[in-house]
Amino acid sequence: GQNIDQPTEMTATEGAIVQINCTYQTSGFNGLFWYQQHAGEAPTFLSYNVLDGLEEKGRFSSFLSRSKGYSYLLLKELQMKDSASYLCAFAGNKLTFGGGTRVLVKP
Amino acid sequence: DTEVTQTPKHLVMGMTNKKSLKCEQHMGHRAMYWYKQKAKKPPELMFVYSYEKLSINESVPSRFSPECPNSSLLNLHLHALQPEDSALYLCASSQDFQGPLFEQYFGPGTRLTVT
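Every value quoted in this text rests on a predicted model; they were computed, and no experiment measured them.

Considerations on the packing of aromatic side chains
Residues and elements named next belong to chain A.
Right, on to step 1. In total, this model carries 18 aromatic pairs over all chains according to the counting rule given.
Right, on to step 2. On the numbers, 6.1 Å between centres and 70 degrees between planes, the contact of F33 with F45 is edge-to-face. Highlighted residues: F33 in strand 3 (residues 32-37) and F45 in strand 4 (residues 44-49), separated in sequence by 12 residues.
Right, on to step 3. F33 sits in the buried class, given a relative accessible area of 0%.
Right, on to step 4. Of the residues examined, F45 reaches a relative accessible area of 22% and is grouped as partly exposed.

Brief notes about the pattern of salt bridges
All names here are of chain A.
Right, on to step 1. Summed over all chains, the structure comprises 7 salt bridges over all chains.
Right, on to step 2. For the salt bridge of E9 with R102, the shortest nitrogen-to-oxygen distance reads 3.7 Å. With E9 in strand 1 (residues 9-13) and R102 in strand 10 (residues 101-106), this pair connects stretches of sequence that are 93 residues apart.
Right, on to step 3. Assessed through its relative accessible area of 42%, R102 is described here as partly exposed.

Observations concerning the pairing of strand 5 (residues 53-57) of chain A
Residue and element names in this part refer to chain A.
Right, on to step 1. Pairing between strand 5 and strand 6 (residues 60-65): 5 bridges, direction antiparallel. Directly across from L54, in strand 6, lies its bridge partner F63.
Right, on to step 2. What sits between strand 5 and strand 6 in their antiparallel hairpin is a turn of 2 residues, with G58 showing a positive phi close to 65 degrees.

With respect to the interface of chain A and chain B
Right, on to step 1. Counting residues at the interface gives 18 residues for chain A and 19 residues for chain B.
Right, on to step 2. Summed over both sides, the interface of chain A with chain B buries roughly 1500 Å², with 62% coming from carbon and sulfur.
Right, on to step 3. Area buried by chain A at its contact with chain B is led by K94, L95 and F97 of chain A, which between them contribute 28% of it.
Right, on to step 4. Counting the contacts that link chain A with chain B gives 1 salt bridge.
Right, on to step 5. Two residues, E58 of chain B and K94 of chain A, come together in a salt bridge whose shortest N-O distance is 2.3 Å.
Right, on to step 6. At the junction of chain A and chain B, the tally comes to 3 residue pairs in polar contact (both at pLDDT 80 or more).
Right, on to step 7. The set of elements that each furnish at least two residues to the side of chain A that touches chain B consists of strand 3, strand 4, strand 8 (84-91) and strand 9 (95-97) of chain A.
Right, on to step 8. Counting residues per element, the side of chain A that touches chain B draws most heavily on strand 3 of chain A, which supplies 3 residues.

Considerations on the sheet that holds strand 6 of chain A
Residues and elements named next belong to chain A.
Right, on to step 1. Taken in spatial order, the 4 strands line up as 2-7-6-5 in an open sheet, and their pairing is antiparallel. This sheet does not close on itself; its edge strands, each paired only once, are strand 2 (18-23) and strand 5. Direction aside, neighbouring strands of the sheet carry axes that sit 15 degrees apart on average.
Right, on to step 2. With 6 bridges connecting them, strand 2 and strand 7 (residues 70-75) associate as antiparallel partners. Following the sheet pairing, I20 is matched in strand 7 by L73.

Focus: unusual backbone geometry
Residues and elements named next belong to chain B.
Right, on to step 1. Looking along the chain, the bond that leaves T7 and enters P8 is cis, with omega of -10 degrees.
Right, on to step 2. Within the secondary structure layout, P8 lies in the loop between strand 1 (4-7) and strand 2 (10-13).
Right, on to step 3. With phi around 50 degrees, Y51 is a residue other than glycine that occupies positive phi space.
Right, on to step 4. When its relative accessible area of 43% is taken as the criterion, Y51 is described as partly exposed.
Right, on to step 5. In this model, S59 sits at a positive phi of 55 degrees, which is unusual for a non-glycine residue.
Right, on to step 6. Of note, S59 is situated in the loop between strand 6 (53-57) and strand 7 (64-70).

Here is what the cut-offs are and how they apply
Residues numbered from 1 in each chain as written. Chains lettered and ligands numbered in written order. Predicted model: local features only at pLDDT ≥ 70, side-chain atom pairs only at ≥ 80, totals over all residues. Heavy atoms only, no water. Phe/Tyr/Trp six-rings, centres within 6.5 Å; stacked < 30°, edge-to-face > 60°. Helix = DSSP H or I, 4+ residues; strand = E, 2+ residues; numbered from the N terminus. Buried < 20%, exposed > 50% of the residue type's maximum accessible area, 1.4 Å probe, protein only. Salt bridge = Lys/Arg side-chain N within 4 Å of Asp/Glu carboxyl O. Pairing = 2+ DSSP bridges. Contact = heavy atoms within 4.5 Å. Buried area = accessible area lost by both parts, 1.4 Å probe. Polar contact = N/O pair within 3.5 Å; in protein donor to acceptor, adjacent residues only side chain to side chain. Axes fitted to C-alpha atoms, helices over the stretch in contact; angles between N-to-C directions.

By themselves these figures say nothing about function.
Here you go:
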């Protein structure tokens, strides 16, 4: 089965930058998603990468290297509301989520 | 309308009860999903419907029975559940099942407690 690895928790200061790494097994790759999930709420879509390179969307960017089985999510100009879990999800014949990275933004 | 709705928001049921969870979307999506999420864990896929047909059943126990009456509706029938089935049940939909149309929109979930 698929094994997706991402850090469990990260802490950063308001206004700073945080990079969340995700590694996965490359077999059957159809795309890589990032979702944000606030406590007690449903996941919401942040980004989708299927080709190598960087996709930028405002304060959030996502990078993919297919050959390395590696992606990262970059959060810039952190705000308190960015405190949430960030889920890396591998799209094979179905969507498989990593364990999620809890990001805590401190004042 | 980019919303997936789920009812009820909360459900408490005994182990001998029969209940149903409901999910609805009006985005014209042809794929719909049920996920189970335990506290501080990622969502785990249970079922996938594509064009109203069951495409994936992730070896879910038969006490969970999905149903897709039409392209907008998805139900999850519950019978003889166990306390360990208590979790947040999320419904999601996407335009299609694979490729760039795979972005999934999640509903707010039903928090289920089995007593």
